[in-house]
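Structure at a glance
Chain by chain, the residues:
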Amino acid sequence: MATKHDQILKYIEGLPIGDRISVRSIAKNLGVSEGTAYRAIKDAENIGLVSTIQRVGTIRIERKLKKHIEKLTFGEVVRIIEGDVLGGSAGLDKVLNKFVIGAMTEKAMTRYITPGSLMIVGNRQGVQKLALENGAAVLITGGFDTESEIADLADKLEMPVLRTTYDTFTVATMINRALSDQLIKKDIMLVSDIYTSLEKTNYLYATNTIADYQHLSEKTHHSRFPVVNKSLRLVGIVTAKDVLGKSETLTMDKVMTKDPIVVKKMMSVASVSHQMIWDGLEVMPVVEDDLSLVGFVSRQDVMKAMQLVQRQPQIADTISDQISGEVMPVEETGKNGDIQFKFTVAPQMVNSVGTISFGVLSEIIANVTQRTMITNQRRNVLIEQMSLHYLRLIQLESELDIRPRVLEIGRRSAKLDIEVYLENALVAKAIVVCQVMERT
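Residues numbered from 1 in each chain as written. Predicted model: local features only at pLDDT ≥ 70, side-chain atom pairs only at ≥ 80, totals over all residues. Heavy atoms only, no water.

An unreviewed UniProt entry annotates the chain as CBS domain-containing protein originating from Enterococcus termitis.

The structure is reproduced here in structure tokens:
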């Protein structure tokens, strides 16, 4: 029997998109306590059934797809290959571990079939049955059907049998791309990975006084605090300069900075780092869509996270990684001891007329900038602005010499001049302005 909590979630899911809901209305309509209704609504918000909008209230929304696949399930595979399910639909939530292409004899392929794997095969009924009996799902390519015996076995074992009109090579490529994308997205660090949660966050209410601020500052040895109202909704931020020389009886709403810059948990750490450096911020409140405070993120945490990310190897190659991997340092240095790099233009890096893509050239310049700063200055950077001049066409298989030079460097920014040569002739030139990360 379903619990009251589950009944409320099912009721909310059945509401039309755009309907407003409240704790009181849920409690009244379903005959539950307001506490039970409140917890269920918060749970519904967490799973994307409802959203709380300032000055509007809580409304039923269309359930959002996750930004990325945390685990590739057989259900996700159906969507990726634009296929359908012939049997075993109860197992669509199971996670895909690997895929096997059924292009050998049944005896030979047995050792490759493991529980949780996906057998990609055509209309070979024996292979389909063998896969199911060994705990693997089946993907039938070419649009072929299967026998009722196979479908019944899939239902019994709760392992899906899927079908697609694509050929084996195409679906294997599609699934492999999805697995690669999954790893890349999982490797991108988000604010949710590093922020300090509300339970560990020190904050003040708008009704607190400067005396309360001073007491909290002495206790925590911090000088910046988020300011919230009685509903824990962020209304401002207060710092030492806001209270300096003012009466201890003044309340936070009289001295705080209103409408502070905020971040959300699903924002990338890289974007937050850019904002913090640009605006000179030490802390940023982390909020929900309705500005409810959920924690804060500090400049120091962001810098440490960014430097950790830039030092660690990638799990899966992005297009940026593939280009960067071809930028090689040259052992001989320039006249002033400047480090130099070389790059050979590969076939996949050119445009339709056979010359290097402007985007690839930009990525090369960006990579050289970062590596130059790390090598010469022991500093990581975020590129803020690039002025790139493509002076002469750079053909396929051209061997480029890239010569960077640091023009100026300050505490927060640096400017570099980067020249690209082909057979000692200048073919491209860039001026790059970047933000310099603090040493931690």
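Let's pick the thread back up.
1. Regarding the overall build of the chain
Along the chain, the regular secondary structure elements total 16 helices and 21 strands. Going through the 440 residues of the chain one by one, you find that 41% of them count as buried. Surface exposure of the chain reaches about 24300 Å², of which carbon and sulfur atoms provide 50%. (Helix = DSSP H or I, 4+ residues; strand = E, 2+ residues; numbered from the N terminus. Buried < 20%, exposed > 50% of the residue type's maximum accessible area, 1.4 Å probe, protein only. Areas by Shrake-Rupley, 256 points an atom, 1.4 Å probe, with all protein chains shown as cover.)

2. Quick look at the nonpolar core
With 33 residues, the main nonpolar core has Val77, Leu118, Met119, Leu132, Leu139 and Ile175 as its most contacted residues. Those elements giving two or more residues to this core turn out to be helix H4 (74–80), strand E6 (118–121), helix H6 (125–133), strand E7 (137–140), helix H7 (148–157), strand E8 (161–163) and helix H8 (168–187). Not counting chain neighbours up to four residues away, the residues in contact with Leu118 comprise Phe74, Val77, Leu96, Lys98, Phe99, Val100, Ala137, Val138, Leu139 and Ile175. Core analysis: the next-biggest nonpolar cluster, separate from the first, contains 25 residues, Ile323, Phe343, Ile365 and Val432 among them. (Core = buried A, V, L, I, M, F, W, Y, C linked by side-chain atoms within 4.5 Å. Contact = heavy atoms within 4.5 Å.)

3. Quick notes on the sheet that holds E7
Taken in spatial order, the five strands make up an open sheet running E4-E8-E7-E6-E5, and their pairing is mixed. Looking at which strands have only one partner, the edges of the open sheet turn out to be strand E4 (84–87) and strand E5 (99–101). In this sheet, neighbouring strand axes are inclined to one another by 25° on average, regardless of whether the strands run parallel or antiparallel. In this sheet, E8 lies alongside E4 in antiparallel orientation, the contact comprising three bridges. (Pairing = 2+ DSSP bridges. Axes fitted to C-alpha atoms, helices over the stretch in contact; angles between N-to-C directions.)

4. Some words on the pattern of salt bridges
The final tally for this structure, using the stated rule, is eleven salt bridges. Close ionic contact of Asp417 with Arg405 constitutes a salt bridge, the shortest N to O distance being 3.5 Å. Taken as a pair, Asp417 in strand E20 (residues 413–422) and Arg405 in strand E19 (residues 399–409) lie far apart in primary sequence, twelve residues in all. Residue Arg405 is classed as partly exposed on the basis of its relative accessible area, which comes to 38%. Lys429 is the salt-bridge partner of Asp417, the closest N and O atoms lying 2.6 Å from each other. Taken together, the positions of Asp417 in strand E20 and Lys429 in strand E21 (residues 425–436) put the pair twelve residues apart, joining distant regions of the chain. Under the relative-accessibility criterion, Asp417 is labelled buried at 3%. Taking the relative accessible area as the measure of exposure, Lys429 reaches 26% and is therefore partly exposed. Several salt bridges share partner residues, and in doing so they unite Arg405, Asp417, Glu419 and Lys429 into one network. (Salt bridge = Lys/Arg side-chain N within 4 Å of Asp/Glu carboxyl O.)

5. Section: H7
Along H7, the residues classified as buried are Ile150, Ala151, Leu153 and Ala154. The buried residues of H7 occupy an angular sector of 160° when projected down its axis, which confines them to one face. Exposed and facing more than 90 degrees away from the buried side of H7 are Ser148, Asp152 and Lys156. If you follow the buried residues of H7, they end up packed against E4, H6 and E8. Remark: Glu158 follows H7 within two positions and exhibits a positive phi of approximately 55°. (Arc of directions from axis to C-beta.)

6. Considering the sheet that holds strand E15 (residues 293–298)
Spatial ordering of the open sheet is given by E9-E15-E14, a layout of three strands whose pairing is antiparallel. Each end of this open sheet is capped by a strand with a single partner; those strands are strand E9 (196–197) and strand E14 (283–287). Relative to E15, E14 runs antiparallel, the two sharing five bridges. Directly across from Val283, in E15, lies its bridge partner Ser298.

7. Overview of the packing of helix H1 (residues 4–13) against helix H2 (residues 23–30)
It is at 11 Å that the axes of H1 and H2 come closest, and there the two elements cross at 110°. With respect to each other, H1 and H2 are oriented roughly perpendicular. Where H1 abuts H2, its residues Gln7, Ile8, Tyr11 and Ile12 lie against Ile26, Asn29 and Leu30. Residues of the contact of H1 with H2, tallied by class, amount to five nonpolar, two polar and no charged. (Parallel < 35°, antiparallel > 145°, perpendicular 65-115°, else oblique. Nonpolar A, V, L, I, M, F, W, Y, C, P; charged D, E, K, R; others polar.)

8. Here we look at the packing of aromatic side chains
Under the defined criterion, the tally for this structure stands at three aromatic pairs. For the ring pair Tyr213 and Phe225, a centre distance of 5.7 Å and an interplane angle of 80° mean the geometry is edge-to-face. Linking Tyr213 in helix H10 (residues 210–220) with Phe225 in strand E11 (residues 225–228), this pair joins segments that are twelve residues apart in sequence. Plain terms: the ring middles of Phe358 and Tyr390 are 6.3 Å apart, the flat faces sit at 35° to each other, and that makes the pair tilted. Placement of the pair is Phe358 in helix H16 (residues 358–377) and Tyr390 in strand E18 (residues 381–390), with a sequence separation of 32 residues. Using a relative accessible area of 25% as the deciding quantity, one classes Tyr390 as partly exposed. The ring of Tyr421 carries Arg403 above its face, with NZ or CZ at 3.9 Å from the centroid. (Phe/Tyr/Trp six-rings, centres within 6.5 Å; stacked < 30°, edge-to-face > 60°. Lys NZ or Arg CZ within 6 Å of the ring centre and 35° of its normal.)

9. Some remarks on the side chain of Ser398
Secondary-structure assignment places Ser398 in the loop between E18 and E19. Judged by its relative accessible area of 8%, Ser398 falls in the buried class. Within the structure, the side chain of Ser398 is placed 2.6 Å from the backbone oxygen of Gln395, a separation counted as a polar contact. Ignoring anything within four residues of it in the chain, the contact list for Ser398 reads Phe343, Thr344, Val345 and Leu422. (Polar contact = N/O pair within 3.5 Å; in protein donor to acceptor, adjacent residues only side chain to side chain.)

10. Brief notes about the pairing of strand E12 (residues 234–238)
Of all five residues making up E12, four are buried, and the element is well covered by its neighbours. Sheet topology note: the E11/E12 ladder contains four bridges and is antiparallel. Across the sheet, Val228 pairs through a bridge with Leu234, a residue of E12. Counting the residues that bridge the hairpin from E11 to E12 gives five residues, and of these Leu232 lies at a positive phi of roughly 65°. Here E12 pairs with strand E13 (residues 257–258) via two bridges, running antiparallel. Across the sheet, the residue bridging to Ile237 is Thr257, located in E13.

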